[in-house]
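Here are the chains, one letter per residue:
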Amino acid sequence: MNWLTVVVQAGRFAYFLAILDSMALPRTPLSRLFTVLLAGLLAGVVLAVAVLPGNLLLGFAARSVLGSYSSLPDALRTPATPQRSYLYANDGTTLITSFYDVNRTDVGLDEIAPSMQAAIVAAEDRRFYDHGGVDLRGMARALVANVTGGETAQGGSTLTMQYVRNVLKTDPGLTAEERAAATEQTVERKLQEIRYANALEQRLSKDEILNRYLNIAYFGSGAYGVSAASQRYFAKTPAELTLSESALLAGLVQSPEAYNPIDGDQEAALVRRAYVLDAMVATGEITAGEAATTKVEPLTLRPTAQPNGCTAPANGNDDWGFFCDYLRQWWLTQPAFGETVEEREQALRRGGYTVVTSLDPEVQATAQQQVTSVYGYDNERALPVAAVEPGTGRVLAMAVNRHYSLEANPAGQPNYPNTVNPLISGGDSVAGYQAGSTFKLFTMLAALEAGMPLSTGFDAPSQLPTRYEAEGDGSCDGRWCPANSNPEWMDGYRMMWDGFGRSVNTYFVWLSEQVGPEKVVEMAQRLGITFRSEADAAFAENNAENWGSFTLGVAAATPLDLANAYATVAAEGTYCAPLPVVSVTAPDGSAVPVGPSCERVLDADVARAATDAARCPVGQRSSADQCNGGTATSVNQILDGRPVAGKTGSSEGNATETFVGFTPQVAVAGIAANPDDTTDLVGKAVQAQVIDAVAEVISTAVQGEPEQGFVAPSPELVGDPRTPAEDPEQGRGPQREPGDDRGPFGELRRWLDRLNRG
């Protein structure tokens, strides 16, 4: 046997010793003796390493165990390591929360401080830039140190080999069993690791391998990768790390929990930091003086817990949790993130997405302040409010006087002050709340669509016998017989303008009969009203033609559905599905197609005509100057005359009080109710507060935005607004209030108002 053969065999034997060493087998006296006896042969390996370049020796000694880049698993060629997904507000910078199973986020090497790069190489693989993925000299050195009983055990794995191991044990494409098998401590697994490391070095640059390693290494305290670690320990980005901080983090990798200065031993962390600094001196990265100065620096930590999920939002803003939960539910329905719900959930928690949501922090803050000014967190009654952008469906705010929290509530308080029930958007056990006369909008739209103009008149009585069968209260001779809540103000000849402005029940029940209740129900569904109550859904499907009371808002609805329905009218008939995002970016920087999903569901002229009438309730004028009283006139003052429309709604016995308001730029709905007890009547007194709260949210949403007006409807849908007094063929005229703005003086007042507003 010639000397080269001896060297080759010694090299192979060294591999075997390194494998045993890396397996971290228990050091029994027998195994230590065995290792010591074999250590004599190691001298041959050390001599070979001294005589031949490492890569050449590797070629002789391990030709049979090396592989090619093309044979690597996909996870190594195209890393798919789990990353944290971030949710931001619509400004793209305000963090709402993040989702993760593994707390990590990839960053480029140019985003990592040079001191951090140098520290990790010095601490874990000083010959990183000299070997080809497997370092025989390092293996030999580690074996000698471990055999001779050095205080600090050493491993022979290079950064490349460690990277391979980390990828395989976190590969989301593998099952838990497959990940365990890929990292089990066996000779076969170690040889595979060596083969993979060598193959990676054939294709990837050292910088790319270093970058990948720094993005996947575990630094303790739940932080995977240098980005998560720098945030967890120092509340800064990896680019901002100092030499002291870099050395500390680099020292954690060998034993993340033992050296962890937050949850572990701070003194051990400082000892390890000193070791790394000395290693950096040895590699020539810093001077001995720099190391000495840094060693005496105190340990300065700024532990930062990374928000995770909707119950742990950033900065403790638990009112954002309801919006966050709505976004999560939306995410789970989107095919762009996976074929199944499970895949979509995994994509959110492990996919590394950057999500710019539609949440407007200022609108949200105003909404939260307003709802809690009406009802406090400890009030069993609630005021859920939602704000939606017309033309996109983007949800700007979701507020309610509850903490989005899993914390236990006091006895007898099932859902306050803490709850995770979707009180604003509906779902699960939340069907919604009766929204009262706000549903009259759907009757008006159905009538307009059927060709009935805004001037359609009816002499509305105090009580109206209908064709619908009924028993008990509210019936007349076995027929449903609805009444006006304020006959003195509501009774009389009405058209759609003042019928809507004064919220005349008998006018709209009559109008629903003319067009057909089933058309009204279909209109509501077309604009996004979802029947989450089984009883409502069954009535809508099986008996809609007899649902005469539907126009009075007896079906349950949510503020989000209601705001979006009115937003459809504000957008002149374009319905957009509610959308909680502005953009979603994948980890590779590509945009995920998740834009608005919109369709025209109403003729624009029909929507304009309905908007014209909807200006009456809020104290503004219609295009034909037919408004003569409204139920929410304070809105005009709060919006300072800015074009706005809306509708109030009171359910039977004032069990709930609702208001929806809109401009061309935003639609906002709020419903005062007791989510846990429908027999608890909130009372009429709260209506004014609900109206003002919604108006204040609208005011914040349009602040700084250019004023936009509403387009007037066509003459065909306006019709002939002459009153019976002006046209004897029409019968009795309307009951006008003082200050009615019709006629030449009204026109003069309108001109002066426009002049004052510029």
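Summarised in this report is the structure supplied together with it. It should be emphasised that the depicted structure is a prediction, and the values quoted were computed from it without experimental measurement. (Residues numbered from 1 in each chain as written. Predicted model: local features only at pLDDT ≥ 70, side-chain atom pairs only at ≥ 80, totals over all residues. Heavy atoms only, no water.)

For the rest of this paragraph, the subject is the sheet that holds strand β5 (residues 395-399). With antiparallel pairing, five strands are arranged side by side in an open sheet as β5-β4-β20-β19-β18. Among the strands making up the open sheet, the edge pair consists of β5 and β18 (645-650). Neighbouring strand axes in the sheet, compared pairwise and without regard to direction, differ in orientation by 5 degrees on average. The pairing of strand β4 (residues 385-388) with β5 spans four bridges and is antiparallel. Across the sheet, the residue bridging to Ala386 is Met398, located in β5. Across the face of the sheet, helix α24 (residues 559-570) comes into contact with β4, β5, β18, β19 (657-662) and β20 (667-672) while running at roughly 150 degrees to β20. (Pairing = 2+ DSSP bridges. Helix = DSSP H or I, 4+ residues; strand = E, 2+ residues; numbered from the N terminus. Axes fitted to C-alpha atoms, helices over the stretch in contact; angles between N-to-C directions. Contact = heavy atoms within 4.5 Å.)

Grouped together as the largest cluster of nonpolar side chains are 111 residues, with contacts concentrated most on Trp331, Phe442 and Met444. Ranked by the residues each element gives to this core, the list is headed by α24, at eight residues. The contacts of Met444, once residues within four sequence positions are left out, are Leu454, Met496, Phe500, Phe508, Leu511, Ala610 and Ala613. Ranked by size, the runner-up nonpolar core spans 57 residues in total, among them Tyr196, Ala223, Leu249 and Leu252. (Core = buried A, V, L, I, M, F, W, Y, C linked by side-chain atoms within 4.5 Å. Buried < 20%, exposed > 50% of the residue type's maximum accessible area, 1.4 Å probe, protein only.)

Using the criterion set out here, one finds four disulfides in the structure. Between the sulfur of Cys616 and that of Cys627 lies a disulfide, 2.0 Å long from S to S. Of note, the bridge from Cys616 to Cys627 carries an S-S torsion of about -75 degrees and is left-handed in sense. Here the residue Cys616 occupies a position in the loop between α25 (604-614) and α26 (634-638), and Cys627 occupies one in the loop between α25 and α26, the gap between them amounting to 11 residues. A relative accessible area of 1% means that Cys616 is categorised as buried. Bonded cysteines in the chain are paired 1-2, 3-4, 5-6, 7-8 when counted in the order they occur along the chain. (Disulfide = S-S within 2.5 Å.)

Summed over the entire model, instances satisfying the criterion amount to 16 salt bridges. Notably, a salt bridge pairs Arg349 with Asp101, separated by 2.9 Å at the nearest N-O pair. Separated by 248 residues along the polypeptide, Arg349 in helix α16 (residues 341-350) and Asp101 in the loop between β2 (95-99) and α5 (114-124) bring together distant segments of the chain. Relative accessible area serves as the criterion here: at 46%, Asp101 is assigned to the partly exposed category. The partner of Arg212 in a salt bridge is Glu208, with the nearest N and O atoms 3.4 Å apart. (Salt bridge = Lys/Arg side-chain N within 4 Å of Asp/Glu carboxyl O.)

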